[in-house]
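# Residue-level structure breakdown
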Amino acid sequence: NEKGMKELPVPPSGSATAVSPQPLVESGRLVGLVWLEGSDPSALGVRAAAWNGGGFTAAEWVSPALDGSQLALSGAVLADGSWLLVWSAFDGGDDEILWSRRDGTSWTAPARLHPDNQVPDITPVVAPTARGAVAAWSRYDGGAYRGRLMRFEADAGWRDEERLGGAGSVFPFFAVDDTKSGPLLVFREGVEGRWDLIELGGRGEVRSRTRWTGDPGRRPVVQVGAGGAARLEWVARGSAERSSTP
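These remarks concern the structure in this document. Predicted model only: the values in this text are computed from it and were never measured. (Residues numbered from 1 in each chain as written. Predicted model: local features only at pLDDT ≥ 70, side-chain atom pairs only at ≥ 80, totals over all residues. Heavy atoms only, no water.)

### Points about the sheet that holds strand 15 (residues 184-189)
What the four strands build is an open sheet, ordered 14-15-16-17; its pairing is antiparallel. The strands lining the two open edges of the sheet, one partner per strand, are strand 14 (169-175) and strand 17 (206-213). Direction aside, the axes of adjacent strands within the sheet are offset by 20° on average. As judged from the six bridges shared by strand 15 and strand 16 (residues 194-200), these two strands associate in the antiparallel manner. Opposite Leu185, over in strand 16, you have Ile198 as the bridge partner. (Pairing = 2+ DSSP bridges. Helix = DSSP H or I, 4+ residues; strand = E, 2+ residues; numbered from the N terminus. Axes fitted to C-alpha atoms, helices over the stretch in contact; angles between N-to-C directions.)

### What to know about the packing of aromatic side chains
Evaluated as defined, the whole model comprises six aromatic pairs. Taking the centre distance of 4.9 Å and the plane angle of 65° together, the rings of Trp51 and Phe56 count as edge-to-face. Given the relative accessible area of 10%, Phe56 is considered buried. Ring-pair connections join several aromatic residues into one group, and the members of that group are Trp99, Phe152 and Trp158. (Phe/Tyr/Trp six-rings, centres within 6.5 Å; stacked < 30°, edge-to-face > 60°. Buried < 20%, exposed > 50% of the residue type's maximum accessible area, 1.4 Å probe, protein only.)

### Here's the deal with unusual backbone geometry
Glycine aside, a negative phi is what most residues show, and trans is what most peptide bonds show. Even without glycine at this site, Ser20 takes up a positive phi of about 55°. Positive phi, close to 55°, is recorded for Ala72, a residue that is not glycine. Tracing the backbone shows Ala72 in strand 5 (residues 70-77).

### Some thoughts on the nonpolar core
In this structure, Val46, Val62, Leu73, Trp83, Leu85 and Trp87 are the most contacted members of the largest nonpolar core, which totals 17 residues. Only strand 2 (29-37), strand 3 (45-50), strand 5 and strand 6 (83-90) provide two or more residues apiece to this core. Ranked by residue count, the leading element in this core is strand 6, at four residues. Counting 14 residues, the second-largest nonpolar core is a separate cluster that includes Ile97, Val126, Ala133 and Trp137. (Core = buried A, V, L, I, M, F, W, Y, C linked by side-chain atoms within 4.5 Å.)

See the structure below:
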């Protein structure tokens with residue numbers, strides 16, 4: 001089309017309803033696609049298909065539809081070529097974060113990212129690091145949602161869970177820049193009406209944090225300058241002007 005984009009073929013699948021498709025990219029190349037699929041929004045499963053350069057292979061189930069919702073799917077291709085997915089799933093009492101990894105041609109059985117608890121864990125996102133991956137999400141503590149972070153290494157699994165944000169820290173997302181040793185994590189601090197920009201290192205460790213004021217109702221854009229400094233920007237409504245304030 002006029003923006004240089006082209007439509008991809010639909011992966012072979014047996015269901016008519018597919019939502020939240022997400023491409024998996026390795027070194028700038030499309031290698032696969034993951035999505036949620038099912039006949040009802042409250043009974044979605046996780047599916048995946050590999051890209052062979054000319055089309056998608058047959059879709060496979062990573063996690064078939066459960067009795068509760070499966071939502072907020074996020075995926076990444078790690079440095080070793082494996083695929084890692086995280087998503088939220090209702091376990092009958094609350095939402096938990098599940099994960100699965102594809103190394104070669106098979107997926108591991110979906111498992112909890114963190115120990116079972118009795119509070120909702122929602123909106124996970126995942127990004128690759130030099131040593132593995134890092135995941136972020138929000139957990140309800142009885143009074144507010146607060147940001148969480150956890151690191152993954154192939155030989156050690158998930159470890160080092162920590163709290164990152166204050167009350168109302170929600171809507172996390174990652175930005176990956178080749179000039180950085182690790183990904184950039186952004187989430188909204190709802191109570192304070194700010195956004196946090198966190199630079200992570202090669203193991204997913206926190207290296208720096210900057211808080212930015214901006215429209216709390218709109219997701220910002222991450223910009224990395226020529227000197228490597230990262231900043232958050234918001235496109236002003238009704239114009240092309242951008243604004244940001246640390």
